[in-house]
Amino acid sequence: MLMSRSKLSAAIIGLAVPWLPVVPAMADYGLNLPPPVSPIGDEILSLHNLIMLICLIIFVVVFSFMFYSIYAHRKSKGHKAAQFSHSTRLEIVWSVIPFVILVGMAIPSTATLIRMEDTSQADVTVKITGYQWKWRYEYLDHGIAFNSNLSTPRDQIENRSAKGDNYLLEVDRPLVLPTDTKVRFLITANDVIHSWWVPELAVKKDGIPGFINEIWTLIKKPGIYRGQCTELCGKDHGFMPVVVDARSPEDFQAWLAANKQEAAADASAAMAEWSMDDLMAKGKEIYGACAACHGAQGEGVPNVFPPIAGSAVATGPVAQHLEVVMNGRDGTAMQAFKGQLSDTEIAAVVTYQRNSFGNSAGDAVQPADVKALR
Amino acid sequence: MATAEAAHHEEHHHPSGIMRWITTTNHKDIGTLYLSFSLMMFMVGGAMALVIRAELFQPGLQIVDPHFFNQMTTMHALVMIFGAIMPGFVGFANWMIPMMIGAPDMALPRLNNWSFWILPFAFTMLLGSLFAPGGGPASGWTLYAPLSIQGGMSVDMTILAVHMMGISSVLGAINIVVTVFNMRAPGMTLMKMPLFVWTWLITAYLLIAVMPVLAGAVTMLLTDRHFGTAFFDPAGGGDPVMFQHIFWFFGHPEVYVMILPAFGIISEIIPTFARKPLFGYASMVLAVAGIAFLSFIVWAHHMFTVGMPLIGELFFMYATMLIAVPTGVKVFNWVATMWRGSMTFETPMLFAISVVVLFTIGGLSGLMLAITPADFQYHDTYFVVAHFHYVLFSGAAMAMMGGAYYWLPKWTGHMYDEKLGKLHFWLTAIFFNITFFPQHFLGLAGMPRRIPDYALQFTEFNVMSSIGAFGLGFSQLLLVYVVVKCVRGGEKASAEVWDNPKGLEWTVPSPAPYHTFETPPQVR
């Protein structure tokens, strides 16, 4: 049955859209909430199943009366219409019974909700900031911070190459978390409202500019858990996934140590003088974040996002260029990148923008120049 | 005397051609204008839905870019809500309320003309915003700040269009309240009014209460955009969540604005074809009033994930769950009306029955959404999309279709084509479910709403949903055909049309004369 259905839909796709270069492999589809890996997730799943069951029973009972009536009380069968038109007793009965059922539903829901909102006594705290269109994770107790961008290649999205298994649900750097540990998330955003959701953890909370929301989880099983932004946040709302890499507490500690070393190495690199070639190479890498709006070739989107190729900013004085990149432009989608990118990264990407896409300012911006402006 | 007066009216015939429609103050003409406008917008909004479904037919970006996709989701909602459903119900109100309460016309005929003629201008502006520099509004119909602050000129055009629609709705609502309270025929006490009139009276109060709130919200957006205020900008001490509170204080009663008149329509249809009086009339009126009251204190259930205090979440959960009680009463009363009746299944009855069943599916998924902890999983996924299409399409839109078939013979004097009507019903009901039922599974499996592209595990149900949507969309061309055919000719309809229906509208000939009840009927 399942086979024949996917064959059928594959056949329909094959017939209906021959102009599609790629017919994707059919992945497994789900019918219910995914199996949870957190205690709250377990509670929510059983709550969901219970309430869905109650709803189904109510539906079947009510409409078996109606469909029996449709079957039996029809004119074509010669059924004569009764003329009764009210019964206070019935009205009371069918108001009170649903009310009692609702109270029965409200009790476990309230209990779960109270546990969900208790973010006290967490062992690890991660600050999550939503940006258009990526997430930034900061381990507040450990001085580690990084951005997490979609890593699905453009070619897959635009149907020029076959789509991978984790199409649109993969990132360059996942959020690494320990298992069996109460983790508290502080969620906010820097531009518009985003929402951080991982279905298996049963965590969904809006990141709101100017406010910090709290929520917690406790992951019971190591593994990779994938989710997405669930609040419309502009053009690439569909392209900012969340990936959580849950590791045992020991592995997590090892990961923390390795990342602290890396952060220290980055800091010393920022002190050094960078060559033009190195800046351009690194800048090209960082530019991926700009390309979402300004285009892979700096062409922008007419009347929505300005181009970088030939723009007054990218060909004008370097100070103004740095000002725009670091502090953003109020009232537009151009955000302040000084909180997201390191000195080295800003220096590299500005250098790259000034010397690519036909721009030829010729100047190399050094990390120290950026540091001086902070 | 009465005959002399009638002759007098015949002499002073209304202007003909286009001027008849522009200058008309006749409730039947204005009803026709509203209904035609609604049908047109239904097609425009439907075409936008098909753009959305075509893009979602397959993973990957094929047809439109994400920015245009967002414009389509935004405009589809705005056009359907403010252009198709609300004016559609006002059209029914205009045609039917005076005839149902034995009034010669609406109480404020010139206001009536004006409230309609604002709409074409509002929608020219709204649809025109698609051609503004940078494209149309793309922040969702909810226009959440700060995303809507980022948008271009189109957002300002949308705000202005929303103001015009709001004025139109409030004027229309005032007219209905004044008509119902002042124009009822002798003997037509409030508790004798047909349920459709009751639902519209309560809807009108909802409109008057909440449209100005929406106007306030979008005006604050406008001043934030252009005049340096910071209502919703945290950098200036504002709060983006405040926009959501104000918006949904409008938005939730708005949901009932779109469903209460639908309840009214099917409460007229079911007794006629069950050949049995509506069961529990008084409790039906009470239930509508109860739903309307509750609609003002549940708004924040649209925003459980914004981080409210626990006590707020609990309050909005309990209040929302309570709505199930009066809504349940309505469903039970409809079933009890059918019980031991003598039923036949003409097209209006088929639509009415399917509204009861499918709306209940939407109602039950609404109950699931009210459960706050579970809502954290459902929120902003396709589960929600499925839910509100079950209440808005198979609730509001299909009730209007049923109502149109029910009263078309009265409006046109011709019977519609019953075979084609039934075909339209079955195509609509089947394709509707193919389109929207799989979306429940998509949402539960983790597909967010308002995304132009999706992960591979969502492919199957999206394919199904898109096929259903195209079937559903093209089936509506049949509706247009049946309506046009019925207007142009067909079997002559009697005054009663159906088998001994109740209500004053069936005491006048079909088609209803241009002026009815100039001498008020006596209601016993």
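Predicted model only: the values in this text are computed from it and were never measured. (Residues numbered from 1 in each chain as written. Chains lettered and ligands numbered in written order. Predicted model: local features only at pLDDT ≥ 70, side-chain atom pairs only at ≥ 80, totals over all residues. Heavy atoms only, no water.)

Enquirer: How do you make sense of the environment of His67(B) when you look at a structure like this?
Expert: Mapped onto the fold, His67(B) is located in helix H4 (residues 66-101). His67(B) sits in the buried class, given a relative accessible area of 15%. When residues no more than four places from it in sequence are discounted, the contact partners of His67(B) are Lys235(A), Val304(A), Gly134(B) and Ala138(B). (Helix = DSSP H or I, 4+ residues; strand = E, 2+ residues; numbered from the N terminus. Buried < 20%, exposed > 50% of the residue type's maximum accessible area, 1.4 Å probe, protein only. Contact = heavy atoms within 4.5 Å.)

Enquirer: Teacher, can you tell me more about the packing of aromatic side chains here?
Expert: The relative placement of two aromatic rings is captured by the distance of their centres and the angle of their planes. Residues and elements named next belong to chain B. All chains considered together, the criterion is met by 59 aromatic pairs over all chains. Ring geometry for Phe 37 and Phe 116: centres 6.0 Å apart, planes at 90°, overall edge-to-face. In this pair, Phe 37 is assigned in helix H3 (residues 27-55) and Phe 116 in helix H5 (residues 109-128), connecting sequence segments 79 residues apart. Among the residues examined, Phe 116 registers a relative accessible area of 3% and is labelled buried. Look at Phe 247 and Phe 250: their rings are 5.6 Å apart centre to centre, the planes differ by 75°, and that puts the pair in the edge-to-face class. Separated by 3 residues within a single helix, Phe 247 and Phe 250 lie in helix H9 (residues 240-257), roughly one turn from each other. Judged by relative accessible area, Phe 247 falls into the buried class, the value being 1%. (Phe/Tyr/Trp six-rings, centres within 6.5 Å; stacked < 30°, edge-to-face > 60°.)

Enquirer: Is there a simple way to explain a nonpolar patch on the surface in this structure?
Expert: On the surface, Leu53(A), Ile57(A), Val61(A) and Phe65(A) cluster together to form a nonpolar patch covering roughly 380 Å² of accessible area. Among the structural elements, Leu53(A) can be located in helix H2 (residues 39-72). (Patch = residues over 30% accessible without salt bridge, like charges linked within 9 Å, V, L, I, M, F, W, Y side chains within 5 Å. Areas by Shrake-Rupley, 256 points an atom, 1.4 Å probe, with all protein chains shown as cover. Salt bridge = Lys/Arg side-chain N within 4 Å of Asp/Glu carboxyl O.)

Enquirer: What is the right way to look at the interface of chain B and chain A in this model?
Expert: Where interface size is given, it is often the accessible area lost as the parts come together that is meant. Taken together, the contacts link 103 residues of chain B with 104 residues of chain A. On the surface where chain B and chain A come into contact, there are 1 salt bridge. Between Lys75(A) and Asp499(B) there is a salt bridge, and its shortest N-O distance comes to 3.5 Å. Here chain B and chain A share 26 residue pairs in polar contact (both at pLDDT 80 or more) between them. Broken down by element, the side of chain B that touches chain A gets its largest block of residues, 9 residues, from helix H13 (residues 324-338) of chain B. Of the residues that constitute the side of chain B that touches chain A, the class distribution is 64 nonpolar, 28 polar and 11 charged. (Polar contact = N/O pair within 3.5 Å; in protein donor to acceptor, adjacent residues only side chain to side chain. Nonpolar A, V, L, I, M, F, W, Y, C, P; charged D, E, K, R; others polar.)

Enquirer: What am I meant to see in the pairing of strand E7 (residues 203-207) of chain A here?
Expert: When a strand is regular, its side chains alternate between the sheet's two faces. All names here are of chain A. Of all 5 residues that make up E7, 5 are buried, and the element is covered over most of its length. Because side chains alternate across E7, one face comprises the buried residues Val 203, Lys 205 and Gly 207, and the other comprises Lys 204 and Asp 206, equally buried. Direction of pairing for strand E6 (residues 194-198) relative to E7: antiparallel, over a ladder of 5 bridges. The partner of Val 198 across the bridge, within E7, is Val 203. In this antiparallel pair of consecutive strands, E6 and E7, the connection spans 4 residues, and Ala 202 shows a positive phi of 55°. (Pairing = 2+ DSSP bridges.)

Enquirer: Help me understand the confidence of the model for chain B in this model?
Expert: With 98% of its residues at a pLDDT of 70 or more, chain B has an overall mean of 94. Note that pLDDT drops below 50 for residues 1-8 of chain B; the model gives that stretch 0 contacts with residues more than four away or on any other chain. (pLDDT = per-residue confidence, 0-100.)

Enquirer: Would you take a moment to explain the pattern of salt bridges for this structure?
Expert: Enumeration according to the criterion identifies 17 salt bridges over all chains in this entry. Its salt-bridge partner being Lys127(A), residue Glu138(A) comes within 3.8 Å of it at the nearest N-O pair. Of this pair, Glu138(A) sits in strand E2 (residues 134-139) while Lys127(A) sits in strand E1 (residues 124-131); the two residues are 11 residues apart in sequence, bridging distant segments of the chain. Residue Arg225(B) is joined to Asp156(B) by a salt bridge in which the shortest nitrogen-to-oxygen separation is 2.7 Å.

Enquirer: Just to check I follow, could you spell out the nonpolar core for this structure?
Expert: Nonpolar side chains in soluble globular proteins tend to end up buried together. Grouped together as the largest cluster of nonpolar side chains are 221 residues, with contacts concentrated most on Phe82(B) and Trp200(B). The dominant element in this core, judged by the number of residues it contributes, is H4(B), at 22 residues. When we break this core down by domain, the ones giving at least three residues each are domain 1 (39-74 + 88-116) and domain 2 (124-266) of chain A. Not counting chain neighbours up to four residues away, the residues in contact with Trp200(B) comprise Phe89(B), Val90(B), Ala93(B), Ile97(B), Ile176(B), Leu207(B) and Pro261(B). Judged by nonpolar contacts, the second largest core, of 38 residues, contains Val126(A), Trp133(A), Trp196(A) and Ala333(A). (Core = buried A, V, L, I, M, F, W, Y, C linked by side-chain atoms within 4.5 Å. Domains from an automatic or database assignment.)

Enquirer: Explain the pairing of strand E10 (residues 241-247) of chain A here, please?
Expert: All names here are of chain A. Burial within E10 is extensive, with 6 of its 7 residues counted as buried. Where strand E4 (residues 175-178) meets E10, 4 bridges bridge the pair, whose relative direction is parallel. Residue Pro 178 lies in a different strand from E10, and its bridge partner there is Arg 247. With 6 bridges connecting them, strand E9 (residues 223-229) and E10 associate as antiparallel partners. Looking at E10, one finds that Gly 223 is bridged to Ala 246.

Enquirer: I'm lost on helix H6 (residues 276-294) of chain A in this one. Help?
Expert: Since there are 3.6 residues in each turn of an α-helix, residues three or four apart along the chain are aligned in direction. All names here are of chain A. With 19 residues, H6 should cover 27 Å at 1.5 Å per step; its first-to-last C-alpha distance of 23 Å lies more than 12% under that length. Among the residues making up H6, those that are buried are Leu 279, Met 280, Gly 283, Ile 286, Tyr 287, Cys 290, Cys 293 and His 294. Elements in contact with the buried residues of H6: helix H9 (343-354). Positive phi appears at Gly 295, one or two residues downstream of H6, with a value of about 85°. (Expected span 1.5 Å × (residues − 1).)

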